[in-house]
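Breakdown of the fold
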Amino acid sequence: MIQRSLALLLASFAIAFPQIASAQGWPNKTITAIVPLGAGSASDIIARVVMEQVGKQIGQTVVVENRPGAGGTIGANMVAKAAPDGYTVLIYGALTSAHALYSKLPYDSVNDFIPVMSLGQQPLVIVSAPAKGHKKLDDLIAAGKARPGALNYSTAGVGSASHFGAERLRASAGFEAQHIPFKGAAEAVTDVIAGRSDFSVQLTATTVPQIREGNLTALAVSAHKRIALLPDVPTTIEAGLPAGSVYPFYTGLYLPAKTPREIVEKLQQETAKALDAPAVKARLATLGVEPMPLGQAEFARFIRADIDANVALVKAANIPTQ
């Protein structure tokens, strides 16, 4: 009996030791950061800016690898199934919306990942063409209520940030509008400028240049506070809508579940340090990325709440799931 107990104890040490050793020696080789979207996407650019700095700090190469497909779920699944040793990370801006849109995911959005931290958020801007005559958000809402279902809005596609952002706005303001999905943000914005779409809710990177050129009117920003790129534009909350009108589009950093706590904490610390580096802050600011300072535990709670909010939004707006 004693020999058997000792054998079991030694076996448990043998199982646990590799994980302990990897935590103590991390990092000692190249880290792969999976971005489940194409090159040039918002998440991809942010990942390259931030993780290059992280690599410099830890003395290891961080390779950003694009694995697009199925709304980002292919790349996310790769990380969910990867060894929990800190050498494969996920950088994704739509983990929670994908959870709401896809009924049969190959991974568990809650239990297969450890949310490490946000790399920043990109506020959405509600825009309309000057010819439409909407000077502020109240004008658009009044038009929508006066003619239920007559207005339309363009998005970068079903389930995109612009789609969810517009649905949050519409539901919070209490008016109906028709959805016109496109294959990307550029096409959606072009449709608004041409006057074919009444409004759109898009990222600052897509809208700010057109706003500055006078091609679009910024009615409000979908954020809890005004943003640096558009300091004179009020938030949806300032315009009188509830906090639920805000759709927080952010890029998150995740590790596979069961990654040792020491690695999670180390990666969080190094990433926070990278985000505070002057060159990184300046580059992200030009992209319209605003800080989202949440600790690891806070970010994990935020992710769970955002999953619930997106699931509720999909049901309330009758957005088709796949």
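Residues numbered from 1 in each chain as written. Predicted model: local features only at pLDDT ≥ 70, side-chain atom pairs only at ≥ 80, totals over all residues. Heavy atoms only, no water.

**Describing the packing of helix H2 (residues 42–58) against helix H9 (residues 261–275)**
Where we set the bar: Whenever a helix is involved, its axis is fitted only over the stretch in contact; in every case the axis is a line through C-alpha atoms, and angles between N-to-C directions fall within 0 to 180 degrees. Note on conventions: DSSP H or I runs of at least 4 residues are helices, E runs of at least 2 residues are strands, and numbering of each starts at the N terminus. Each helix crossing is assigned a hand: it is left-handed if the near helix lies turned anticlockwise from the far helix by less than a right angle, otherwise right-handed if that turn is clockwise. Contacts: residue pairs with any heavy atoms within 4.5 Å of one another.
Interhelical geometry of H2 versus H9 gives an angle of 115 degrees and a closest axis separation of 9 Å. In terms of crossing hand, the pair formed by H2 and H9 is right-handed. On H9, the residues that touch Val50, Gln53, Val54, Gln57 and Ile58 of H2 are Glu270, Thr271, Lys273, Ala274 and Leu275.

**Some thoughts on the pattern of salt bridges**
Note that side chains of opposite charge can pair when their charged atoms are close. This is how the line gets drawn: Note on definitions: salt bridges are taken to be side-chain nitrogens of Lys or Arg within 4 Å of carboxyl oxygens of Asp or Glu. Any residue under 20% of the maximum accessible area for its type is buried, any over 50% is exposed, and the rest in between are partly exposed; the area is computed with a 1.4 Å probe on protein chains only.
In total, this model carries ten salt bridges according to the counting rule given. Between glutamate 65 and arginine 67 there is a salt bridge, and its shortest N-O distance comes to 2.8 Å. Glutamate 167 serves as the salt-bridge partner of arginine 170, at 2.8 Å between the closest nitrogen and oxygen. Here glutamate 167 and arginine 170 lie together in helix H6 (residues 161–173), a separation of three residues that amounts to about one turn. The residues arginine 170 and glutamate 167 share a single accessibility class, namely buried.

**Quick notes on unusual backbone geometry**
With omega at -5 degrees, the peptide bond leading from tryptophan 26 into proline 27 counts as cis. Take proline 27: it is sitting in the loop between helix H1 (2–25) and strand E1 (31–35). Even without being glycine, alanine 70 reaches a positive phi, approximately 55 degrees.

**Remarks on the environment of histidine 224**
Checked against the element boundaries, histidine 224 lands in the loop between strand E9 (217–222) and strand E10 (250–256). For histidine 224, a relative accessible area of 60% gives the class exposed. C-alpha separation for the pair histidine 224 and proline 234, spaced ten residues apart in sequence, amounts to 9.8 Å. Beyond its immediate chain neighbours, meaning those up to four positions away, histidine 224 contacts Thr235, Ile237, Ala243 and Val246.

**Digging into the confidence of the model for the chain**
The criterion, for reference: On a scale of 0 to 100, pLDDT captures the predictor's confidence in every residue.
Mean pLDDT over the chain: 91, with 93% of residues reaching 70 or higher. Within the model, the stretch residues 5–14 combines pLDDT values under 50 with zero contacts to residues more than four positions away or in other chains. When the criterion is pLDDT under 50, residues 16–21 qualifies, and its contacts beyond four places in sequence or with other chains add up to two contacts.

**Considering the sheet that holds E10**
As a reminder, the rule being used: Each pair of strands is called paired provided DSSP finds at least two bridges between the two strands.
Pairing within the open sheet is mixed, and its five strands lie in the order E2-E1-E3-E10-E4. Two strands in the sheet have a free side with no partner beyond their single neighbour: strand E2 (62–66) and strand E4 (113–121). Shown here is a sheet whose adjacent strand axes are inclined to one another by a mean of 25 degrees, direction ignored. Sheet topology places E1 next to strand E3 (residues 88–92); three bridges connect them, and they run parallel.

**Points about the environment of threonine 286**
Cut-off, in case you're wondering: We define a polar contact as two N or O atoms separated by no more than 3.5 Å, with the added condition that, inside protein, one atom must be a possible hydrogen donor and the other a possible acceptor, whereas residues neighbouring each other in sequence contribute only through side-chain atom pairs.
Secondary-structure assignment places threonine 286 in helix H10 (residues 278–286). Residues threonine 286 and alanine 205, 81 residues apart in the sequence, show an inter-C-alpha distance of 8.6 Å. A polar contact is formed between the side chain of threonine 286 and the backbone oxygen of arginine 283, at a distance of 2.5 Å.

**Brief notes about the packing of aromatic side chains**
In plain terms, the rule: Each pair of aromatic rings taken from Phe, Tyr and Trp, with Trp reduced to its six-membered ring, is defined by centres within 6.5 Å and is described as stacked if the planes are under 30 degrees apart, edge-to-face if over 60, and tilted in the remaining cases.
In the structure shown here, the tally under the stated rule is ten aromatic pairs. With centroids separated by 6.4 Å and ring planes inclined at 15 degrees, the aromatic side chains of phenylalanine 299 and phenylalanine 302 adopt a geometry described as stacked. Within this pair, phenylalanine 299 and its partner phenylalanine 302 are both found in helix H11 (residues 296–316), separated by three residues, close to a single helical turn. In this structure phenylalanine 299 comes out as buried when scored by relative accessible area, which is 0%. Among the residues examined, phenylalanine 302 registers a relative accessible area of 22% and is labelled partly exposed. In textbook terms, an aromatic cluster arises when at least three aromatic residues are bridged by ring pairs, as seen for Tyr107, Phe113, Tyr250, Tyr254, Phe299 and Phe302.

**Observations regarding the nonpolar core**
Counted only if it meets this: Residues enter a nonpolar core if they are buried and are Ala, Val, Leu, Ile, Met, Phe, Trp, Tyr or Cys, with the set joined through side-chain atoms within 4.5 Å.
In this structure, Tyr92, Phe113, Ile126, Leu137, Phe199 and Tyr254 are the most contacted members of the largest nonpolar core, which totals 47 residues. Excluding residues that lie within four positions of it along the chain, phenylalanine 113 makes contacts with Ala76, Val79, Ala80, Leu90, Leu95, Tyr107, Asp108, Tyr254, Leu255, Pro256 and Ala257. Counting 32 residues, the second largest nonpolar core, distinct from the first, contains Val35, Val62, Ile91 and Ile263.

**Quick look at the pairing of strand E8 (residues 199–203)**
Most of E8 is tucked away, with five of its five residues classed as buried. One ladder, built from four bridges, connects strand E5 (residues 124–128) with E8; its direction is antiparallel. When the bridges of E8 are listed, isoleucine 126 appears paired with valine 201. Relative to E8, strand E6 (residues 152–155) runs parallel, the two sharing two bridges. Bridging from a neighbouring strand, tyrosine 153 pairs with phenylalanine 199 of E8.

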